[in-house]
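Fold and contact review
Letter by letter, the chains look like this.
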Amino acid sequence: MKTNGTLTAYKKPYCRLSAAFPLLLILMTAVTMSCSRRPAGNVTMPWGGGADSASSASGFDLDRIQSGGEMIMLTLSGPDTYYDYHGRHLGTHYMLCQRFADMLGVSLRVDVCRDTAEMFRKLAAGDGDVIACPLPKALYNGDGGESPATALIYCGVATDSLRRQWAVSADKPLLADALDKWYKPEFLAEVLREESHLMGEGRVRRRVHAPMLDRKAGVISRYDGLFMTYCQQIRWDWRLMAAQCYQESTFDPNARSWAGACGLMQIMPATADYLHLPMNRIYDPESNIAAAARYIGELEGKLKDISDRSERINFILACYNGGYLHIRDAMALAARDGRDAHRWSDVAQYVLKLSEPRYYRDPLVKYGYMRGSETVDYVARIRNRWKSYEGVKGGHAGFSGMTPRKAKHRKKKYQI
């Protein structure tokens, strides 16, 4: 019958599809499972996906950093890694990481960790992007014996014949690849030369003037009147500030250090802002001296726990040069070891020791590495020059029309 024939014609293919369906379902399941288990990383798939398509899901790393405009560097405190020097950030690996951040077009934020275990934890938690500190590639253990909570990709800056290298977490393959493509071994030598130059002879651009303008007339400098005026407000010997000023700038009002410190008393821009000293006045002698006097007065208030005024002066000078928080770290170490934390001769030994890893990485130390030898020398030089100024009465001070003489350096004790 025609109707039956038509029905039969449609039933036959339907039956063939039904029979094949279980096999088709098995094949589709296998393909799906195969896709879901494909390995991460720079793998090219037969259908053309690979690292780029994978990055849209888990490799958001580099895009996120660049779109956010900031990269977070995890590191340790130390002369080779990162430290603060008069408000200027230094350290070989910091300077290298800053170069990389500049290449990416992002700012760099530094998170100083206490040990490698803390760096691992922060990297795993997503609180940092790169460990910019050379890690031993053969070891995963941190200082506390902990293993990293995330897999690492060693990349970028390498030292010790590639045995030590920076690292990122394994979920940031694009960042690792960018670091590897950017880094060249000669970068390390370039940064070391740059750092050596900065810390060498050219740290302060200044004219060297004689430490006394006119000894017979009792005139130390053309700024004696300003020292007297502003030191009176803080009960500070004006001759002491004169000695400090010579150490800072050799009485050159236009002196500028490579770190950015400006003027007679070498005030950093950040400190000037804190003291409400406008940058367009930072080289003005009176404004610079007035701001320095205010800062000294603040330090005196912070160090009131040092009852001996002579001792307190040493600590104030040390804080002016090396930073209040670093000096407090040294005082804490001295007190722990049974030394007198209010005596400079005791604390100075720990200021020097803050350049040694066993001390600047001590749990008691909160602000890390410092170049202590410079600060101890700074205090000693100012005290010695102040002593040489003791006979100056200041009766003829304030000859603003007089021009400082260039130093002849005939006496070694006046050389800086």
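Presented here is an overview of the structure given in this document. None of these values were measured; they are calculated from a predicted model.

1. Here we look at the overall build of the protein
Of regular secondary structure, the protein possesses 16 helices and nine strands. Across the 416 residues that make up the protein, the buried fraction comes to 44%. In the protein, of all internal contacts separated by at least 6 residues, the share reaching a separation of at least 24 is 65%. Entry remark: accessible area of the protein is about 22000 Å², with carbon and sulfur atoms responsible for 53%.

2. Re the sheet that holds strand β7 (residues 164-169)
With mixed pairing, five strands are arranged side by side in an open sheet as β4-β1-β5-β7-β6. With partners counted over all chains shown, the strands left at the sheet margins are β4 (107-113) and β6 (152-159), one partner each. Direction aside, the axes of adjacent strands within the sheet are offset by 35° on average. Across six bridges, β6 lies against β7 in antiparallel orientation. What sits directly across from alanine 158, in β7, is glutamine 165. Where helix α5 (residues 116-124) meets the sheet, its contacts fall on β1 (70-76), β4, β5 (130-136), β6 and β7, and the angle it forms with β5 comes to roughly 135°. In the packing of helix α6 (residues 173-182) onto the sheet, contacts are made with β5, β6 and β7, and the angle to β6 comes to roughly 15°.

3. So, the side chain of aspartate 362
The topology assignment puts aspartate 362 in the loop between α15 (357-360) and α16 (372-388). Residue classification places aspartate 362 among the buried residues on the basis of a relative accessible area of 13%. Within the structure, aspartate 362 has its side chain in polar contact with the side chain of arginine 336 (distance 2.6 Å). From its side chain, aspartate 362 meets the backbone nitrogen of leucine 364 in a polar contact 2.8 Å long.

4. A closer look at unusual backbone geometry
With the exception of glycine, most residues fall at negative phi, and the peptide bonds are largely trans. In this model, threonine 250 sits at a positive phi of 55°, which is unusual for a non-glycine residue. If you check the backbone angles, glutamine 266 has positive phi at about 50° while not being a glycine. Within the fold, glutamine 266 resides in the loop between β9 (256-257) and α10 (269-274).

5. Focus on the packing of aromatic side chains
According to the stated counting rule, one finds 12 aromatic pairs in the structure shown. Ring plane angle 0° and centroid distance 5.5 Å describe the contact between tyrosine 85 and tryptophan 258, whose orientation is recorded as stacked. With a gap of 173 residues between them, tyrosine 85 in strand β2 (residues 83-85) and tryptophan 258 in the loop between β9 and α10 connect regions that are remote in the sequence. For the residue pair tyrosine 85 and tryptophan 258, the accessibility class agrees, reading buried in each case. Taken together through their ring pairs, the aromatic side chains of Phe100, Trp182, Tyr183 and Phe187 make up a single cluster. Directly above the ring of phenylalanine 187 sits arginine 99, whose terminal nitrogen or CZ lies 5.7 Å from the centroid. Above the ring of tyrosine 350, the side-chain terminus of lysine 353 is found at 4.7 Å from the ring centroid.

What counts and how
Residues numbered from 1 in each chain as written. Predicted model: local features only at pLDDT ≥ 70, side-chain atom pairs only at ≥ 80, totals over all residues. Heavy atoms only, no water. Helix = DSSP H or I, 4+ residues; strand = E, 2+ residues; numbered from the N terminus. Buried < 20%, exposed > 50% of the residue type's maximum accessible area, 1.4 Å probe, protein only. Contact = heavy atoms within 4.5 Å. Areas by Shrake-Rupley, 256 points an atom, 1.4 Å probe, with all protein chains shown as cover. Pairing = 2+ DSSP bridges. Axes fitted to C-alpha atoms, helices over the stretch in contact; angles between N-to-C directions. Polar contact = N/O pair within 3.5 Å; in protein donor to acceptor, adjacent residues only side chain to side chain. Phe/Tyr/Trp six-rings, centres within 6.5 Å; stacked < 30°, edge-to-face > 60°. Lys NZ or Arg CZ within 6 Å of the ring centre and 35° of its normal.

All we've got here are geometric facts, nothing functional implied.
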